Amino acid sequence: MTAKGAKILYIEDDHASRRLVERVLTSRGYEVFVATEGLEGINLAREKRPQLILMDINLPNMDGREITTRLRGLPNFSEIPIVALTANISAGSRELALAAGCTGFMTKPIDVATFTTDVERFLQGKQDKLSADERNQHLEKHAQNLVESLEKKVRELRAANKRLMELDSLKSDFIVLVSHELRTPLTLVSGYSHLLAEQVANKNDLVPAQSIAGIAEGLQAGVGRMQDVINEIISVVRISSGTLDLSLGPVRLTKIMADIEKTYGEICRKRDLKLNVDDFSGLPLIQGDGRRLQAAVEHVVGNAVKYTPDGGEITITGRDMPGKAVDIIISDTGIGIPLEEQRHIFEQFYTLGAIQHHSTSKSAFQGGGLGLGLAIAKGIVEAHNGRIWVESERRDPDALPGSTFHILLPLSPSDEVPSL
Ligand code: ADP
């Protein structure tokens, strides 16, 4: 066989090695195809029918020995030269590669001066040999490696399957919650619109303004709640697809806190919750999307309100990390969060506890939620290059250990967030 035009497939995950080998071989007239991992390599081998395959050994997912054994089992690949090309020169690695079905073994980095001559020799039929003993011994080791690798894959697949099933069940819960969350305000809107129609139909005179105002308020509340639900879903979809765009500008935390007090002040008074908001005026301006940051803080404060029983206390403080970041700390005297759940509560659709226990009012103790609030808060904070996390001892609705959430924001999204 002549070198000119021979097709060579190189399976290699390292970009620099791939480029070098490709360049050297192409300049000598070989036609080179490259694949970065095993399955792609096997498909390319089937499609292009190369005359020789150069095989890296340490590859992700499926190593070079596994790929070689697989190729040897395919029609048309029992004889073609497959040459291991590896930086791993530890004892036994050559023998193991040959036992797995490789024709030869070459080391990286390649010697540009001799590389093509070596490749040409394999094309012309050179074969590295093992003694029968060596072969048996390493075949056994190779078989063990294959079984271990299979076992690892089964374990990984099982874990991935479990995770998918959990996600599937979370999504089913989510659909039930969304329907519930939309149906309640819809009933409200429907009730008020009937009332309005009745008032107009029953009275020849004009309906009193006061009555209309009451109806309008009811309609607005229902529509507002439906808008909230839809906005939450849109935000979470944007975050998941990485299309949450920020409109950056200077953000005054005092303004955010004043709005939070306005939103939650009345609710807290009604539920006898003490809302303490620190003076944020000494904290620096940060660069960010004020509207979205406010939404993130609101989700966390909203949860503090939801998961703290009447008579409790919610405190919002700010800590300056001069020149670097601002830490917004929201703590409550609520039911707390179990340690093992603390990682998951920031995932989409994750709501702790049976969904049928969720009451609908967002401000009631353990009131309704879609399990999206913290996922949205996390998405917004991370889009600002910040970090959000929670500290809580345990969940205990009797002892009320409370929870403390941190929202750590760098002064600008282009800054690194400091580690605490
Ligand atoms: P939800 O809409 O269910 O409140 P979130 O994403 O906002 O969804 O929160 C996820 C879960 O985390 C909640 O269901 C709740 O169990 C738990 N959680 C969040 N904040 C608190 C808190 N301050 N105290 C106790 N539990 C909390």
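Residues numbered from 1 in each chain as written. Predicted model: local features only at pLDDT ≥ 70, side-chain atom pairs only at ≥ 80, totals over all residues. Heavy atoms only, no water.

Trainee: Sorry, what's going on with the overall build of the protein here?
Mentor: Counting secondary structure elements, the protein contains 10 helices and 12 strands. What you see for the protein is a C-alpha radius of gyration of 32 Å, clearly larger than the 22 Å of a compact globule of 420 residues, by over 25%. Viewed in the frame of its principal axes, the protein has a C-alpha envelope of about 100 × 55 × 45 Å. For the protein, the proportion of contacts with a sequence separation of at least 24, taken over those separated by at least 6, is 73%. Accessible surface, the protein as shown: approximately 22200 Å² in total, 53% of it carbon and sulfur. Across the protein, the centroid of the 48 positively charged side chains sits 5 Å from that of the 56 negatively charged ones. (Helix = DSSP H or I, 4+ residues; strand = E, 2+ residues; numbered from the N terminus. Rg over C-alpha atoms; globule rule 2.2 N^0.38 Å. Contact = heavy atoms within 4.5 Å. Areas by Shrake-Rupley, 256 points an atom, 1.4 Å probe, with all protein chains shown as cover. Lys, Arg positive; Asp, Glu negative; His and termini not counted. Charge placed at Lys NZ, Arg CZ, Asp CG, Glu CD.)

Trainee: What is the right way to look at unusual backbone geometry in this model?
Mentor: Most of the time, phi is negative for any residue but glycine, and the peptide bond is trans. Here the bond from K108 into P109 is cis, since omega is -5°, no more than 30 degrees from zero. Although it is not a glycine, R49 adopts a positive phi angle of roughly 50°. Tracing the chain through its elements places R49 in the loop between α2 (38-48) and β3 (52-55).

Trainee: I would appreciate a short explanation of the pattern of salt bridges in the present structure.
Mentor: Opposite charge on two side chains allows them to pair when their charged atoms are near. Tallied over the full model, the rule gives 21 salt bridges. In this structure, the salt-bridge partner of D289 is R292, at a minimum N-O distance of 3.9 Å. D289 gets classed as buried once you look at its relative accessible area, which sits at 4%. Here the residues in one salt-bridge network are K162, R163, E166 and E347, joined through shared partners. (Salt bridge = Lys/Arg side-chain N within 4 Å of Asp/Glu carboxyl O. Buried < 20%, exposed > 50% of the residue type's maximum accessible area, 1.4 Å probe, protein only.)

Trainee: Would you mind going over the sheet that holds strand β9 (residues 313-321) with me for this structure?
Mentor: Hydrogen bonds along the backbone pair up the strands of a sheet, which may run parallel or antiparallel. Ordered in space as β7-β9-β10-β12-β11, the 5 strands form an open sheet in which the pairing is mixed. Each edge of the sheet is formed by a strand with only one pairing partner; in this case those strands are β7 (274-277) and β11 (387-391). Direction aside, neighbouring strands of the sheet carry axes that sit 15° apart on average. Where β11 meets strand β12 (residues 403-410), 5 bridges bridge the pair, whose relative direction is antiparallel. Bridging from a neighbouring strand, W389 pairs with H406 of β12. Its contacts with the sheet place helix α8 (residues 253-270) against β7, β9 and β10 (325-332), and it is angled at close to 175° to β7. (Pairing = 2+ DSSP bridges. Axes fitted to C-alpha atoms, helices over the stretch in contact; angles between N-to-C directions.)

Trainee: Quick question: what am I supposed to make of the site of the ligand here?
Mentor: Lining the immediate environment of the ligand, one finds 22 residues, of which N303, K306, D332, G371 and R395 sit closest. Within the backbone of G373, one N or O atom sits 3.4 Å away from an oxygen atom of the ligand. Measuring from a nitrogen atom of the ligand, one finds a side-chain N or O atom of S403 at 3.5 Å. For the ligand, whose accessible area on its own is 530 Å², the fraction buried by protein is 99%. (Near = heavy atom within 4 Å. Polar contact = N/O pair within 3.5 Å; in protein donor to acceptor, adjacent residues only side chain to side chain.)

Trainee: Just to check I follow, could you spell out the sheet that holds strand β1 (residues 7-11) for this structure?
Mentor: Read across the open sheet, the 5 strands follow the order β2-β1-β3-β4-β5; overall the sheet is parallel. At either margin of the open sheet sits one strand with a lone partner, and together these are β2 (31-35) and β5 (104-107). Taken over all neighbouring pairs, the strand axes of this sheet differ in orientation by 25° on average, direction set aside. Relative to β3, β1 runs parallel, the two sharing 4 bridges. Along β3, the bridge assignment pairs Y10 with L54. This element, helix α1 (residues 15-27), spans β1, β2, β3 and β4 (82-86) of the sheet and lies at about 165° to β2. Strands in contact with α2 are β1, β2 and β3; relative to β2, the strand with the most contacts, it is inclined by about 150°.

Trainee: Mind showing me how you'd approach the domain arrangement of the protein here?
Mentor: One frequent convention defines the size of an interface as the accessible area lost when the parts assemble. Domain boundaries in the protein define domain 1 (3-130), domain 2 (159-241) and domain 3 (249-410). For domain 1 and domain 2, the distance between their C-alpha centroids amounts to 62 Å. (Domains from an automatic or database assignment.)

Trainee: Whenever I open this one, α8 confuses me. Can you help?
Mentor: The α-helix advances 3.6 residues per turn, and as a result positions three or four apart in sequence lie on the same side. End to end, α8 covers 26 Å across 18 residues, agreeing with the expected 26 Å (1.5 Å per residue, within 8%). Along α8, the largest kink reaches about 40° and is centred on Y264. Within the span of α8, buried status applies to L253, I256, M257, D259, I260, Y264, G265 and C268. Here the buried face of α8 lies against β6 (249-251), β7, β8 (286-288), α9 (290-306), β9 and β10. The first or second residue beyond α8 is D272, which carries a positive phi of 55°. (Expected span 1.5 Å × (residues − 1). Bend = angle between axes of the 7 residues up to and from the residue.)

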